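# Chains, contacts and geometry: an overview
These are the residues of each chain, in order.
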Amino acid sequence: MNEQRRQVLEMLAESKITADEAERLIYALEADQPEPSTGVADRSKSRPKYLRVVVIDNSAGEEPSRVNVRIPLQLLRAGVRLASLIPPQAVTKINEKLDESGVPFDLTELKPQQLEELIDQLGDLTVDVDEPDSKVQVFCE
Amino acid sequence: MIPQLVTVRYRRSDGRSLRLPVPVLPVLLLLSPLLLLAALAGLVACLVFEVSAAGALRGAGQLLLALPGTRIEIDDGRTAVLVTVR
């Protein structure tokens, strides 16, 4: 309980102000106070728009190689929607090939809504690989 | 909105760089006959593979509308390529 609110309640207890006036004062005090900002609250307010991939490779030669890709998340969503148009017979063939390669992944189980939810949660994703010769960063901004 | 300008910047190993801004709409107008043929071929492919043509068109449209803001930069120290879509 902060000091100002305590003072208002003390004034009410001493009958210096009425209950209505106390209520209005407390409401005004709460409206004046800034909301505490946490990292999570700030991030949720501004939804990320882009997926960034940054790769810096110092292993070959004097000059480092650098790859910097920025893709709008809307592009990923559009790609997911396009992928949902793949005909069933193609999906079956892809599943067979994946199975032959030893990847036990069933594309028919993958729903566009799940991929959309995955893309929505990408905002919290940060991948940071830091090696002596190279650096990879994947994040959303 | 649809992409308005695609900029390609290429830096050669001798340090010289080449910048090529490509206005999308005029280029699309110029290539419209080819695009029409491609659209017809796409429609036939949709019919052959039993894919919804309307869905494919909608998906392609959404893909196009999502392109602005894309930036791809590859730099290996001596040469560099930068493609931006605005």
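Given the structure is predicted, the values throughout are model-derived calculations rather than measurements.

Another point: the overall build of chain B. Helix and strand counts for chain B stand at three helices and four strands. Walking chain B from its N terminus toward its C terminus, one meets helices and strands in the order β-β-α-α-α-β-β. A total of 86 residues make up chain B; the buried ones form 3% of that total. Taking as baseline every contact in chain B between residues at least 6 positions apart, the subset at least 24 positions apart corresponds to 39%.

Moving on, we come to the interface of chain A and chain B. At the junction of the two partners, chain A supplies 20 residues and chain B supplies 21 residues. For the side of chain A that touches chain B, the elements supplying multiple residues, two or more each, are β2 (65–72) and α4 (73–83) of chain A. Looking at which element gives the most residues to the side of chain A that touches chain B, the answer is β2 of chain A, with eight residues. Relative to strand β3 (residues 71–75) of chain B, β2 of chain A runs antiparallel, the two being bridged by five bridges.

All names here are of chain A. Here S84 shows up in the loop between α4 and α5 (88–100). You can call S84 partly exposed: it has 14 C-beta atoms within 10 Å. Along the primary structure S84 and Q113 are separated by 29 residues, whereas in three dimensions their C-alpha atoms are 10.0 Å apart.

With zero of seven residues buried, strand β2 (residues 17–23) of chain B lies mostly on the surface of the structure. Linking two consecutive strands that pair antiparallel, namely strand β1 (residues 5–11) of chain B and β2 of chain B, is a turn of five residues; a positive phi of about 95° is found at G15 of chain B within it.

A few words on the sheet that holds β3 of chain B. In a beta sheet, neighbouring strands are held together by backbone hydrogen bonds and run either parallel or antiparallel to one another. Taken in spatial order, the eight strands make up an open sheet running β3(A)-β4(A)-β1(A)-β2(A)-β3(B)-β4(B)-β1(B)-β2(B), and their pairing is antiparallel. On the outer flanks of this sheet lie β3 (126–130) of chain A together with β2 of chain B, each paired with one strand and no other. Averaged over all adjacent pairs, the angle separating strand axes in this sheet is 5°, with direction ignored.

It is at 8 Å that the axes of α4 of chain A and helix α3 (residues 53–65) of chain B come closest, and there the two elements cross at 165°. When the interaxial angle is binned, α4 of chain A and α3 of chain B end up roughly antiparallel. Crossing hand, α4 of chain A versus α3 of chain B: left-handed. Between α4 of chain A, through L75, A78, G79, R81 and L82 of chain A, and α3 of chain B, the contact on the second element is made entirely by G59, Q62 and L63 of chain B.

The next point concerns the environment of E21 of chain A. Following the sequence through the fold, E21 of chain A ends up in helix α2 (residues 19–32). Along the backbone, E21 of chain A and V8 of chain A are 13 residues apart, and their C-alpha atoms lie at a distance of 9.1 Å.

Before going further, it helps to spend a moment on unusual backbone geometry. Its identity is not glycine, yet S15 of chain A carries a phi of approximately 60°, on the positive side. Phi at E50 of chain B is positive, roughly 55°, even though this residue is not glycine. Topologically, E50 of chain B is positioned in the loop between α2 (32–48) and α3.

What follows concerns the pairing of β1 of chain B. Every regular strand shows the same layout, with side chains that alternate between the two sheet faces. All names here are of chain B. Sheet analysis places β1 next to β2, joined by seven bridges and oriented antiparallel. The partner of T7 across the bridge, within β2, is P21. Pairing of β1 with strand β4 (residues 80–85), which is carried by six bridges, proceeds in the antiparallel orientation. Bridge pairing in β4 places R11 opposite A80.

Rules and cut-offs
Residues numbered from 1 in each chain as written. Chains lettered and ligands numbered in written order. Predicted model: local features only at pLDDT ≥ 70, side-chain atom pairs only at ≥ 80, totals over all residues. Helix = DSSP H or I, 4+ residues; strand = E, 2+ residues; numbered from the N terminus. Buried ≥ 20, exposed ≤ 12 C-beta atoms within 10 Å, placed from the backbone. Contact = placed C-beta atoms within 7 Å. Pairing = 2+ DSSP bridges. Axes fitted to C-alpha atoms, helices over the stretch in contact; angles between N-to-C directions. Parallel < 35°, antiparallel > 145°, perpendicular 65-115°, else oblique. Left-handed = near helix turned anticlockwise from the far one by under 90°.

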